[in-house]
Amino acid sequence: MNLICEKCGKEVEIECPSCGNWLCPGCGTINQVPGDQGEGEDWLACLEFEGEEKNLPTGYQIRSPGLFILDFVAAYIVLDEGEIKSINPWEAGQGVPGKILGVVINEKAVKMVQATYGGRGIVIEGADRSRLTVPEWRARFKTDPLALLAISRAYLATTGPGVRTYRPAGTKFGVSF
């Protein structure tokens, strides 16, 4: 199909995308394919995302009621006043000091949940809307999605929503009882 960019006038030969939009290789304008392409379809799937964030999990589902990502954290490895420490977040009533370097996941608990639900007890959503099991994610991206999600959730619990380049002095993360 030959399409013409509305902004630069460049003629482009492409296959008609099912989402109804196409990206002009000349000027980067998103153009709509003429005609009825279907109401309510997800046109974002047509746009390729090449940032490094595409390899990070965007969400998750745990099929066991009441379980959350932080329930699978056995320990946080933190940098606190220049020292590397291993902290059990469930025993720290006042929160965990330091900045997170890594996470130790309780693999036995992960395997139990996975086994209970036929290998799909924990499903991780990617930026491309794929839904992968923990082993599938680890094989595809060579990272631990549970650790990545635990770090992001702990940081969010400490700082709240929004973009920040630092964590305010004296803030701690963890669970308070």
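Just so it is clear, the model here is predicted, and its values are computed rather than measured.

Peer 1: How do you make sense of the state of the cysteines when you look at a structure like this?
Peer 2: Between two cysteines, a covalent bond joining their sulfur atoms is known as a disulfide. Going through the model one piece at a time under the given rule, you end up with zero disulfides. Free cysteine: Cys5, not disulfide-bonded; nearest cysteine sulfur from Cys27 at 3.6 Å. We classify Cys5 as buried; its relative accessible area is 3%.

Peer 1: How should the nonpolar core be read in this particular structure?
Peer 2: Nonpolar side chains in soluble globular proteins generally cluster together in the buried interior. Core analysis: the biggest nonpolar cluster contains 22 residues, and Phe72, Tyr76, Val103, Ile105, Ile122, Ile124 and Leu146 have the highest contact counts within it. Those elements that provide at least two residues to this core are strand E6 (73–80), strand E8 (99–105), helix H1 (107–116), strand E9 (122–126), helix H2 (134–141) and helix H3 (145–159). With five residues, the top contributor of residues to this core is H3. Counting six residues, the second largest nonpolar core, distinct from the first, contains Leu3, Val12, Trp22 and Val33.

Peer 1: Explain the confidence of the model for the protein to me, please; I cannot follow it from the model alone.
Peer 2: Detailed conclusions should not be drawn from predicted coordinates in areas where pLDDT is low. The share of residues in the protein with pLDDT of 70 or more is 72%, and the mean pLDDT across the chain is 79. For the protein, the element scoring lowest by mean pLDDT is strand E3 (residues 21–23), at 74; H1 scores highest, at 95.

Peer 1: Would you mind showing me how to read the sheet that holds strand E5 (residues 57–62) here?
Peer 2: The strands that make up a sheet are held in pairs by hydrogen bonds between backbone atoms, and each pair lies either parallel or antiparallel. The strand order across the open sheet formed by three strands is E5-E9-E10, and the pairing between neighbours is antiparallel. The open sheet has two edge strands with one neighbour each: E5 and strand E10 (131–133). Recorded for the sheet is a direction-independent mean angle of 30° between the axes of neighbouring strands. In this structure, E9 lies alongside E10, joined through three bridges in antiparallel fashion. Across the sheet, residue Ile124 finds its bridge partner in E10, namely Leu132. Seen against the sheet, H2 touches E5, E9 and E10 and runs at an angle of roughly 100° to E10.

Peer 1: Hey, could you run me through unusual backbone geometry in this one?
Peer 2: Note: most peptide bonds trans; most residues except glycine with negative phi. The backbone phi angle of Glu81 is positive, close to 50°, even though this residue is not glycine. By the element assignment, Glu81 lies in the loop between E6 and strand E7 (83–87). Despite not being glycine, Arg129 has its phi angle at roughly 70°, a positive value. Along the polypeptide, Arg129 turns up in the loop between E9 and E10.

Parameters at a glance
Residues numbered from 1 in each chain as written. Predicted model: local features only at pLDDT ≥ 70, side-chain atom pairs only at ≥ 80, totals over all residues. Heavy atoms only, no water. Disulfide = S-S within 2.5 Å. Buried < 20%, exposed > 50% of the residue type's maximum accessible area, 1.4 Å probe, protein only. Core = buried A, V, L, I, M, F, W, Y, C linked by side-chain atoms within 4.5 Å. Helix = DSSP H or I, 4+ residues; strand = E, 2+ residues; numbered from the N terminus. pLDDT = per-residue confidence, 0-100. Pairing = 2+ DSSP bridges. Axes fitted to C-alpha atoms, helices over the stretch in contact; angles between N-to-C directions. Contact = heavy atoms within 4.5 Å.

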